[in-house]
Each structure stands twice: as structure tokens, then as C-alpha cells.
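Spelled out, the chains give:
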Amino acid sequence: MLIVHINGGSGREGLEAEGATAYSRKRRSLPRPRTFHDPNPPSSGMSAPERGALIVIEGLDRAGKSTQHGRLCQNLESQGHTVKRMRFPGASPCPHVYALTHNTEDRTTPIGKSIDAYLKGESQQEDHVIHLLFSANRWEAAASIRNAIAEGTTVVIDRYYYSGIVYSAAKGNPTLSLEWARHPEVGLPLPDLCLFLDITPEAAAKRGGFGNEKYETSAMQKRVRELFYDLVKLSDGRGMRILDAGRSIEEVEKDVADRVEEVIKSSRMSQELGSIPP
């Protein structure tokens, strides 16, 4: 601190006054602190809620998808999440209590009825036609999926477009490749996470109920499994995780819960839900 004495020798007074003047000039010449406008200032109230997550459970027939789908939904709800349960194509009768007591999609739409009759062997459809019906079934639910997620609801789907394209391509029709089957799916909501429950066709065939629907043959399931692994190598595989479904129900359940928790807690939830790219 610089002190200027009023009384005293003129020489000393002059020096001190000159020092004070220099200090004043120096202070005026210092750059003033700049004020920046923060485009994202801290909120004084509650922040806008993050969106819900889009989770898909895939796998061969009898891999345990419906069981893990139900358990995951129940676990998320017990943690306070709002959950929308969905299944494609629609929801066939399911022995699990959750499917009977909670909102799931069904096969009551005109498209859903056509698919249901085909899967039960009650009608026949050309390969390309039935594939486009499967795709249309997903498209008719696309808006409701996006709306639910935007409102903060987590959507958990048992089978989605992954199954749609691999099951069609697995038929061996030379004009219905994986690439052809994928094309109608472009633009649908893109999952944040797809969990593929992996099991051998031989192990799946030993589980109860195998063979009840059209595609439940060992040869078909073997080809479907091969195509799922091909899919992992494409861009569609970026959000896919392969889980061993041959373990106990409880072990698979914990693995599923851990993977889903990682996604829900990630920064991805602050970003807009994507779309399936070309």
C-alpha cells in the first residue's frame, strides 16, 4: 500500500506524490476482467428431464427373451422408471404374469392379424410380402415409441428389426438378402442398446415349447444365429452386446441389468434418440 504524507519535506512529498500518480496510471492501464455470456447457465429450478432409453432384447427362439424382458421391466419399475413394454411382431399369448397384467403390443391390428395367421401356419405369404408386413408392423408403432421416449419413458422391446431382417434372410431366398431385408427398416427408432441372448440351437430345442411356431426348427435357428453374428459386424452391431443365455436365469438377469444400467446412466440419454441409418 502506498501512503502519501501531506506534511513533510518537499522532496519526499514530491517523490511520494509522483509514485501515487504512476500507480494510478498503471492501474487504469490494466485490462479489465471480461464478461462472457454462458449459453448454458445453471438452472435455478428443476432441469428438463432426460429422455427414456430404447432397449431391445434379441435372441433365438426359446433363448429366454420373454423371461428376461419381463424381469428387466420389473427391475426398472422397482427403481422408479416408467416403462413401456413392447414385443414384435405384436405380442402373442405369453405365460408370464407381467404380460397378462401390463400394457404390451398385440396382434390385433390388421397387419398383426395377418402376421399371426402366417406364424401359426394358418395362411401362406410370399417371402418378400411377409417381410414387408413384419416391417410395417414395426413402422405402425414407431411414432408411439418416439413419443414415449421423449416423455421420459423407457421402452423395452422383445424382438425388433434385428430379428425381422435375419429371419427373412435365413429363408435362403436368393432375392431376399440381409441387405434387402434391412432397407425397409431405415428410419425406424434406433435402439440405445440391443442385448442378444446367445444360445445354441441344440440347447434351445431342449427348452419347453420349441416348435410351436413356423420358424422353430433347428436348421432355421442355426442359420438365424449365423446371420445374427454377421449383423454384429455391420453398423447395426455397434449397439449390440452378446450375452451367454445358457447360464442360469438369475445370472443372465444380472448381466442384462448391468448393461442396461450403463446405458441409462450414460451421456447418451441427454442426446436425441437416433434413427436407423441407411
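From a predicted model like this one, the values you see are computed outputs, not experimental measurements.

Procedures and definitions
Along each chain, residue indices are assigned from 1 in the same order as the chain's sequence is written. With the structure being a predicted model, the display of local features is reserved for residues of pLDDT at least 70 and the display and counting of side-chain atom pairs for 80 or more, all residues being used for whole-chain, interface and lining totals. The side-chain numbers reported here are obtained from all heavy atoms of the structure, hydrogens and water having been left aside. One requirement defines pairing of two strands: DSSP has to find at least two bridges between them. A run of H or I in DSSP becomes a helix once it reaches four residues, and a run of E becomes a strand once it reaches two; helices and strands are each numbered from the N terminus. The angle between two axes is taken between their N-to-C directions and runs from 0 to 180 degrees, where each axis is a line fitted to C-alpha atoms and a helix contributes only its stretch in contact. We call two residues in contact whenever any of their non-hydrogen atoms come within 4.5 Å of each other. Grouping buried Ala, Val, Leu, Ile, Met, Phe, Trp, Tyr and Cys residues that are joined through side-chain atoms within 4.5 Å yields what is termed a nonpolar core. Each residue's exposure class comes from its accessible area (1.4 Å probe, protein chains only) as a fraction of the maximum for that residue type: buried when under 20%, exposed when over 50%, partly exposed otherwise. Given a helix with a known number of residues, its expected span is that number minus one, times 1.5 Å. The term polar contact refers here to a pair of N or O atoms within 3.5 Å; inside protein, the definition further demands a hydrogen-donor-capable atom paired with an acceptor-capable atom, and it admits residues adjacent in sequence only when both atoms are side-chain atoms. For this analysis, a salt bridge means a side-chain nitrogen from Lys or Arg found within 4 Å of a carboxyl oxygen belonging to Asp or Glu. Here is the rule: rings of Phe, Tyr and Trp (six-membered ring for Trp) pair when centre to centre is within 6.5 Å. Planes less than 30 degrees apart are stacked, more than 60 are edge-to-face, and the remainder are tilted. Roughly parallel means an angle under 35 degrees; roughly antiparallel means over 145; roughly perpendicular covers 65 to 115; every other angle is labelled oblique. By definition, any crossing whose near helix is turned counterclockwise from its far helix by less than a right angle is left-handed, and any crossing with a clockwise turn is right-handed. Amino acids are sorted into nonpolar (Ala, Val, Leu, Ile, Met, Phe, Trp, Tyr, Cys and Pro), charged (Asp, Glu, Lys and Arg) and polar (every other residue, Gly among them).

K.L.:
Help me understand the sheet that holds strand 1 (residues 54-59) in this model?
P.N.:
The strands that make up a sheet are held in pairs by hydrogen bonds between backbone atoms, and each pair lies either parallel or antiparallel. Reading across from one edge, 2-3-1-4-5 is the order of the five strands in this open sheet, with parallel pairing throughout. The strands lining the two open edges of the sheet, one partner per strand, are strand 2 (83-87) and strand 5 (240-244). Taking each pair of neighbouring strands and ignoring which way they run, the sheet shows an average axis angle of 20°. Along the sheet face, helix 5 (residues 127-150) touches strand 1, strand 2 and strand 3 (154-158) and points at about 160° away from the line of strand 2.

K.L.:
Can you walk me through the nonpolar core in this structure?
P.N.:
Proteins that are soluble and globular tend to have nonpolar side chains buried together. Residues L72, I157, Y160, Y162, V166, V224 and V260 are the most contacted members of the largest nonpolar core, which totals 56 residues. Beyond its immediate sequence surroundings of up to four residues, V260 is in contact with I55, L72, L76, L193 and L195. Counting six residues, the second largest nonpolar core, distinct from the first, contains I115, Y118, L119 and L133.

K.L.:
Honestly, helix 2 (residues 65-78) in this entry has me stumped. Any pointers?
P.N.:
Spacing of three or four residues puts side chains on the same side of an α-helix, whose turn is 3.6 residues. Here helix 2 spans 20 Å end to end across 14 residues, near enough to the 20 Å set by a 1.5 Å rise per residue. Turning to helix 2, its buried residues number three or more, namely K65, S66, Q68, H69, G70, L72, C73 and L76. Once helix 2 ends, the next one or two residues include G80, with phi positive near 100°.

K.L.:
Hey, could you run me through the side chain of N173 in this one?
P.N.:
Here N173 is to be found in the loop between helix 6 (161-169) and helix 7 (178-182). One polar contact links N173 to D127, side chain to side chain, over a distance of 3.2 Å. Apart from the residues lying within four places of it in its own chain, the contact partners of N173 are E126, D127 and H128.

K.L.:
I tried to follow helix 6 on my own but got confused; where do I start?
P.N.:
Within helix 6, nine of the nine residues are buried, which leaves the element mostly enclosed by the surrounding structure. Along helix 6, the residues that are buried comprise Y161, Y162, S163, G164, I165, V166, Y167, S168 and A169. Against the buried residues of helix 6 lie strand 1, helix 5, helix 7, strand 4 (193-198), helix 9 (218-232) and strand 5.

K.L.:
What is the right way to read the pattern of salt bridges from this model?
P.N.:
Pairing between side chains becomes possible if they bear opposite charge and their charged atoms approach one another. Taken as a whole, this structure holds 17 salt bridges when the rule is applied. Between K171 and D127 there is a salt bridge, and its shortest N-O distance comes to 3.7 Å. Within this pair, whereas K171 is found in the loop between helix 6 and helix 7, its partner D127 is found in helix 5, the two being separated by 44 residues in sequence. With its nearest N and O atoms 2.8 Å apart, the salt bridge here joins K265 to E261. Classification of E261 by relative accessible area gives partly exposed; the value is 39%.

K.L.:
Hey, could you run me through the pairing of strand 2 in this one?
P.N.:
Each regular strand shows side chains that alternate between the opposite faces of the sheet. Along strand 2, five of the five residues are buried, which leaves the element largely enclosed by surrounding structure. Side chains V83, R85 and R87 project from strand 2 onto one buried face, and the interleaved K84 and M86 project onto a second face that is buried too. As judged from the five bridges shared by strand 2 and strand 3, these two strands associate in the parallel manner. Looking at the pairing, R85 lines up with V156 of strand 3.

K.L.:
I would appreciate a short explanation of the environment of F134 in the present structure.
P.N.:
Residue placement: F134 occurs in helix 5. On the basis of relative accessible area, F134 is assigned to the buried category, the value being 8%.

K.L.:
Help me understand the packing of aromatic side chains in this model?
P.N.:
The relation between two aromatic rings is expressed through the spacing of the ring centres and the mutual angle of the planes. Throughout the structure, instances matching the rule amount to five aromatic pairs. Note on F196 and Y229: the rings are 6.4 Å apart at their centroids and 90° apart in plane angle, and the pair reads as edge-to-face. Note that F196 is positioned in strand 4 and Y229 in helix 9, a separation of 33 residues in sequence. Exposure remark for F196: the relative accessible area of 1% places this residue in the buried category. An aromatic cluster is defined as three or more aromatic residues linked by ring pairs; in this entry it consists of F88, Y160, Y161 and Y162.

K.L.:
Teacher, can you tell me more about the packing of helix 4 (residues 110-119) against helix 5 here?
P.N.:
A pair of packed helices is captured by two measures, namely the crossing angle of their axes and the spacing between those axes. Across the interface, helix 4 lies against helix 5 with an axial gap of 9 Å and an inter-helix angle of 140°. It follows from the interaxial angle that helix 4 and helix 5 lie oblique. In this structure, helix 4 crosses over helix 5, and the sense of that crossing is left-handed. Residues I111, S114, I115, Y118 and L119 of helix 4 touch helix 5, and the partners they reach there are I130, L133, F134, A136, N137 and E140. Grouping the amino acids of the contact of helix 4 with helix 5 by side-chain chemistry returns eight nonpolar, two polar and one charged.

K.L.:
Help me out: how do you make sense of the side chain of H131 in this one?
P.N.:
You can see H131 is positioned in helix 5. In this structure the side chain of H131 is engaged in a polar contact, spanning 2.7 Å, whose partner is the backbone oxygen of A181. Aside from chain neighbours lying at most four places away, what touches H131 is R138, G164, I165, S168, W180, A181, P184 and E185.

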